[in-house]
Amino acid sequence: MKSHLALSFALALLFTSQAVAAPLATRTVLDNGAILLVAERPGVPMIVMNILLKSGAAADPAGKEGVANLTAELLTRGTKKHSAQALAEELDFLGASLGVDADIETTTITLTTLTKNLAPALNLLAEVLFTPTFPTVELEKKRKEIEGGLKSREEEPGWIAQRTFLEKLYPKHPYGRLVEGRPATLAKLTRADAAKFHQIYYRPNNAIIAVAGEISKEQMTSQLRTHLAGWQPADIPSIVWPEEYQPPEERITVNKKVAQANVVLGHLGIARSNPDYYAVQVMNYILGGGGFGSRLMDKIREELALVYHISSSFSARKHAGPFMVVLQTKNASATQAIEESMQVIRHYSEEGPNEKELAAAKSYLINSFPLRLVSNRDVAALLPVIEFYELGLDYPDRYPTLIGQITREQVHAAAKTYFHPDRELQVIVADLAQAGLTQSGSAPVGQ
Amino acid sequence: MRQYRHRIPLKTGFFFLGYLLLLAVPSPRAEEKNWQVTQETLANGLTIIMLEDRRAPVISLQIWYKVGSRNERLGITGISHLLEHLMFRGTPTHGQGEFSRLVQEKGGSHNAFTAEDHTVYFENTASAHLDLLLELEADRMANLTLDETGFAAEKKIVMEERRMRTADEPAADLYEQVGAAAYTAHPYEWPVVGWMHDLETITLSDVKDYRQIFYAPNNAILVIAGDVSPEALLPKIKATFGAIPSGQPPPKVTAVEPEQRGERQVTLKRPASLPIYVAAYHVPNFASDDSFPLALLSVILAGGRSSRLQTSLVENKALVLAADADYDRTSQDPSLFILSMRIAPGRQWQEAETALRQEIQKVKTQPVTAKELERAKNLVESTFTYGQDSLFYRAMQLGQYATLGDWTLIQKVIPGIRAVSAEDIQRVAKTYLREENRTAGLLIPEGTPVREAPDGGLGGKNIH
């Protein structure tokens, strides 16, 4: 065994004939270009499959925002062989679940099934992937459902705060969009739009297929070759992403009759490919990603008792995602909580982490990693991410060193480089009168 | 409805499968292999449940205290949950924040939650850290520091939590009102988080007394699942927990909710996007033969994508955005079977109520088809299997049933579910889904006219 990682040890126990640690999964590239990652995990007679397509709402044509999401939602709403209802009944009968979820950069199809039902489940998956019919009747229903879902969310101050923040941070960038689209564009989408999106982007050479569960690699590969035989590759059009843009600092207030102010503070963060990613991960854990023991939790919750929840995050994606501090506090404490949080960040940038919190952060990150690779769900979720960001299947083995080698100076440097208190966006959704705040000049979200 | 409060907000916690507890069905093939359980009791009354599962060198350690909101009284509602928060404030040996720091340093996850019947603390780590976890849990069971500063702070934090989870969450706000109306003589009437005024007035002395009564080894169950062997484990538990003195047996909850003899209606008008309609019916728990049919009825009505309410109300009539059926057969005392719907924009809640009543009428007058019944049973069984993917969840199931008095009850679930007939389902629908047994809750977004009750609201509590 080349490492002390719990996962390697566990796999070594399972394959006692091997002297070395087994990799997380085996990687195969199918003839049609699909990348297949299979993790054999005996123990529970189930299989989890995640198919990650490398296209999402960012690929929506101008004026047709919402089509990636609509296509995803409609995929299971009718195929050549089964109506939406019949498909739902078949899946329920098998005790299987099949869902499609569109994000900004990707779309994920998740299939969970008992091992004994793999063949019929794969039949249904193939139908949904290759022969969805996008019935107009279903489209109208879905459209109403999506609109209703958006309306529903308008009652959530946290959602409004986040929406407003992202729209401000990414005014002309896909990360600022709702995957659902805008009411004006969603209203005009047709089944032809969905069919076209499906035809262009649902291609094997655009897909990463990750499987974890009680099945051998050989069986799984052979089953998939059979069921995905008709899946033809095609050129995937590339998207032009806008230039990175950091808006100037601004405070936006939204008036709502709530008991708590919902606050989002932040600015542009980093992309996953940034070489400082690991230093930033450690840096953020100490600030507010690590829950208890983090600077924000210690000060704003434990000491000042202003919040139940406060956290910080760097969302690192293909492009620079946001850095956000999110908190909720009674209206009357809104300004105090914001000022205290800003102080924490300023102080942290100035002095950097101490050795104790640095060691604790690294220790958590390194030791928790293998614990998040025990269940089939966890493994099936991580594998596409590893492939999407080209981290390599040895990533779990390299991770301890990537984090372990981070120094106090590197974390301090990361804090100085990646925090921008002078370019901060502050969004406050609150009962402004109770919070002692005035309405800002910006329009509320949804306009 | 079962309500769970967490010390750490859900998204940083570990609690993703808890609500499926009741529908646990072990698959016969794996049954022996799956339930390698050993039970012991220490001299001080601590019950120990050990589940051996060697799939990975990890453990899930949980301690279930048999105390929850059902043990409270008006004036100190929310005290169980507040005490749960205070359990993280430190001991003489491990000061404020040390517990979390020590567990996180090992890469472990940890959290706690309070419900009506129990308060549960849990940690998930590599099995190498068993000794640490035992020491930490035993230490805070016996030696918790309770001081005015920590107490004052934690009260404020819990009040923020209440604002977040209930005050600003329309559905939760409505459920709280429905619970308060459905129960008239039983502690399930008040919310787990407690009424706001009680939170403001609870004293440290109240908390100390409460802890004295309920946080004793004889009132606790220690569940350890994973890469453990009972032979090695038991001496360690004795060494850490054995010296904690037993307490007096806690007072029993003797309240029994009397039979409801007429419909109750609750109306809540507040900021919200869309109306919500809830129908809650009093039903028995696991102690009754009706509990398995009721569990399947909830699946047939609103579980899975081809359920009755999903098909009829969501898909076909587009009256509601979502319909749910909520029934916890593992409640200590009889609780509620709750149907809830979020009304679609532009639709009238009265239409949805009518459609719901039609569906209920159908299930009373016509037996479900064999295929539908089989489908529901398959869903339940597969959900259970998927649940086995999580060691934490398996330990939760054991803790839940052990708290009810007998962990082996979990092995009786599959025969119970499989034995349910279409006639059983029809029978329980007729018995329990009756108007006189119903508390109806309606959330009206502020700015919309409320319905007029025909005679001013007989028997109901109207909330404005």
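Residues numbered from 1 in each chain as written. Chains lettered and ligands numbered in written order. Predicted model: local features only at pLDDT ≥ 70, side-chain atom pairs only at ≥ 80, totals over all residues.

Draft legend 1. Quick peek at the overall build of chain B. When helices and strands are tallied, chain B shows 16 helices and 13 strands. The 464 residues of chain B split such that 54% are buried. Within chain B, contacts between residues at least 6 apart in sequence are counted, and of these 83% link residues at least 24 apart. (Helix = DSSP H or I, 4+ residues; strand = E, 2+ residues; numbered from the N terminus. Buried ≥ 20, exposed ≤ 12 C-beta atoms within 10 Å, placed from the backbone. Contact = placed C-beta atoms within 7 Å.)

Draft legend 2. Just the overall build of chain A, in detail. The secondary structure content of chain A amounts to 17 helices and eleven strands. Radius of gyration (C-alpha) of chain A: 24 Å, near the 22 Å computed for a compact globule of 447 residues. Seen through its principal axes, chain A has C-alpha atoms that stretch 60 × 60 × 40 Å. By sequence separation, contacts in chain A at least 24 residues apart represent 80% of the contacts at least 6 residues apart. (Rg over C-alpha atoms; globule rule 2.2 N^0.38 Å.)

Draft legend 3. Representation of the pairing of strand S2 (residues 37–41) of chain B within the structure. All names here are of chain B. Of the strand pairs in this sheet, S2 and strand S3 (residues 47–52) are connected by five bridges, and their pairing is antiparallel. Paired with Thr41 across the strands is Thr47, a residue of S3. Connecting S2 to the antiparallel partner S3 that follows it, the hairpin turn spans five residues, and Gly45 within it adopts a positive phi of roughly 95°. (Pairing = 2+ DSSP bridges.)

Draft legend 4. Representation of unusual backbone geometry. Positive phi values are uncommon outside glycine, yet Glu390 of chain A reaches one of about 55°. Glu390 of chain A gets classed as exposed once you count the C-beta atoms within 10 Å, which come to 9. Phi angles above zero are rare outside glycine, and Ala318 of chain B is one such case at about 50°. With respect to the helices and strands, Ala318 of chain B occurs in the loop between helix H11 (308–316) and strand S10 (320–327).

Draft legend 5. Summary view of the confidence of the model for chain A. Residues and elements named next belong to chain A. On average, residues of chain A carry a pLDDT of 93, and 94% of them reach 70 or more. In this model residues 1–20 is a low-confidence stretch, pLDDT under 50, and it forms 32 contacts with partners more than four residues away in sequence or in other chains. When the criterion is pLDDT under 50, residues 443–447 qualifies, and its contacts beyond four places in sequence or with other chains add up to six contacts. (pLDDT = per-residue confidence, 0-100.)

Draft legend 6. Structural view of the interface of chain A and chain B. Each partner contributes residues to the interface: chain A has 55 residues there, and chain B has 50 residues. Those elements that place two or more of their residues in the side of chain A that touches chain B are helix H1 (6–14), helix H3 (84–94), strand S5 (107–114), helix H5 (136–153), strand S10 (322–330), helix H13 (355–371) and helix H14 (376–388) of chain A. Broken down by element, the side of chain A that touches chain B gets its largest block of residues, eight residues, from H5 of chain A.

Draft legend 7. Structural detail: the confidence of the model for chain B. Residues and elements named next belong to chain B. Model confidence for chain B is summarised by a mean pLDDT of 91, while 89% of its residues fall at 70 or above. Ignoring residues within four places in sequence, the model shows residues 10–32, a span with pLDDT below 50, making 51 contacts including any to other chains. Counting interchain partners and residues more than four positions distant, the pLDDT-below-50 stretch residues 452–464 has 18 contacts. Across the assembled chains, the prediction reports ipTM 0.90 with pTM 0.91.

Draft legend 8. Structural context of the nonpolar core. Grouped together as the largest cluster of nonpolar side chains are 275 residues, with contacts concentrated most on Ile209, Val263 and Val282 of chain A. Counting residues per element, this core draws most heavily on helix H10 (residues 291–302) of chain B, which supplies nine residues. Those residues within four positions of Val263 of chain A in sequence are excluded, and the remaining contacts are Ala161, Leu327, Ala334, Ala337, Ile338, Val427 and Ile428 of chain A. (Core = buried A, V, L, I, M, F, W, Y, C linked by C-beta atoms within 7 Å.)

Draft legend 9. Molecular detail of the sheet that holds strand S3 (residues 46–53) of chain A. Residue and element names in this part refer to chain A. Here we have six strands laid out as an open sheet, ordered S1-S2-S6-S3-S5-S4, and mixed in their pairing. Each end of this open sheet is capped by a strand with a single partner; those strands are strand S1 (26–29) and strand S4 (97–102). If you compare each strand with its neighbour and ignore which way they point, the axes differ by 15° on average. Sheet topology note: the S3/S5 ladder contains eight bridges and is antiparallel. Across the sheet, the residue bridging to Leu52 is Thr108, located in S5. (Axes fitted to C-alpha atoms, helices over the stretch in contact; angles between N-to-C directions.)

Draft legend 10. Region of the structure containing the packing of helix H2 (residues 79–86) of chain B against helix H5 (residues 148–167) of chain B. Residues and elements named next belong to chain B. Contact geometry of H2 with H5 gives a least axis separation of 10 Å together with a crossing angle of 120°. Judged by the angle between their axes, H2 and H5 are oblique. Of the two possible hands of crossing, H2 and H5 adopt the one that is right-handed. Only Gly150, Phe151, Glu154, Lys155, Ile157 and Val158 of H5 make contact with H2, whose side of the interface consists of His81, Leu82, His85 and Leu86. Grouping the constituent residues of the contact of H2 with H5 by class yields five nonpolar, three polar and two charged. (Parallel < 35°, antiparallel > 145°, perpendicular 65-115°, else oblique. Left-handed = near helix turned anticlockwise from the far one by under 90°. Nonpolar A, V, L, I, M, F, W, Y, C, P; charged D, E, K, R; others polar.)

Draft legend 11. Molecular detail of the pairing of S3 of chain A. Residues and elements named next belong to chain A. Most of S3 is tucked away, with eight of its eight residues classed as buried. The alternating pattern of S3 places Met46, Val48, Asn50 and Leu52 and Ile47, Met49, Ile51 and Leu53 on opposite faces, both of which are buried. Here seven bridges tie S3 to strand S6 (residues 207–213), and the two strands are oriented antiparallel to one another. Bridging across to S6, Ile47 finds its partner in Gly213.

Draft legend 12. Seen up close, the domain arrangement of chain A. Residue and element names in this part refer to chain A. Taken domain by domain, chain A comprises domain 1 (31–227) and domain 2 (250–435). Here the C-alpha centroids of domain 1 and domain 2 sit 29 Å apart. Of all elements in the fold, only strand S2 (35–40), S3, helix H6 (157–169) and S6 reach the threshold of two or more residues within the side of domain 1 that touches domain 2. Sort the elements by how many residues they give to the side of domain 1 that touches domain 2 and H6 lands first, with ten residues. (Domains from an automatic or database assignment.)

Draft legend 13. Quick peek at helix H14 (residues 391–403) of chain B. Spanning 13 residues, H14 of chain B covers 18 Å between terminal C-alpha atoms, matching the ideal 18 Å at 1.5 Å per step. Just downstream of H14 of chain B, Gly405 of chain B is the residue with a positive phi angle, here 120°. (Expected span 1.5 Å × (residues − 1).)

Draft legend 14. Just the domain arrangement of chain B, in detail. All names here are of chain B. The domain boundaries assigned to chain B delineate domain 1 (5–241) and domain 2 (264–390 + 399–462). Mapped onto the side of domain 1 that touches domain 2, the elements with two or more residues apiece are S2, S3, strand S4 (58–65), helix H6 (170–182) and strand S7 (220–226). Ranked by the residues each element gives to the side of domain 1 that touches domain 2, the list is headed by H6, at nine residues. Grouping the constituent residues of the side of domain 1 that touches domain 2 by class yields 24 nonpolar, eight polar and five charged.

Draft legend 15. Examining the packing of helix H4 (residues 130–143) of chain B against helix H9 (residues 230–241) of chain B more closely. Residue and element names in this part refer to chain B. Running from N to C, H4 and H9 point in directions that differ by 30°, and their axes come no closer than 9 Å. Comparing the axis directions of H4 and H9 gives the class roughly parallel. Classified by chirality, the crossing of H9 by H4 is right-handed. Touching Leu130, Asp131, Leu134, Glu135 and Ala138 of H4 are Lys236, Ile237, Thr240 and Phe241, all from H9. The residue inventory of the contact of H4 with H9, partitioned by class, reads five nonpolar, one polar and three charged.

Draft legend 16. Structural view of the sheet that holds strand S7 (residues 250–255) of chain A. Residue and element names in this part refer to chain A. The strand order S7-S11-S8-S10-S9 describes an open sheet built from five strands, whose pairing is mixed. In this open sheet, the two strands that pair with only one neighbour each are S7 and strand S9 (310–314). On average, each strand axis in the sheet is tilted by 15° relative to the strand beside it, whichever way the strands run. The strands that helix H10 (residues 277–289) touches are S9 and S10; relative to S9, the one it contacts most, it runs at about 165°. Where helix H11 (residues 295–303) meets the sheet, it contacts S9 and S10, and its direction lies at approximately 155° from that of S9.

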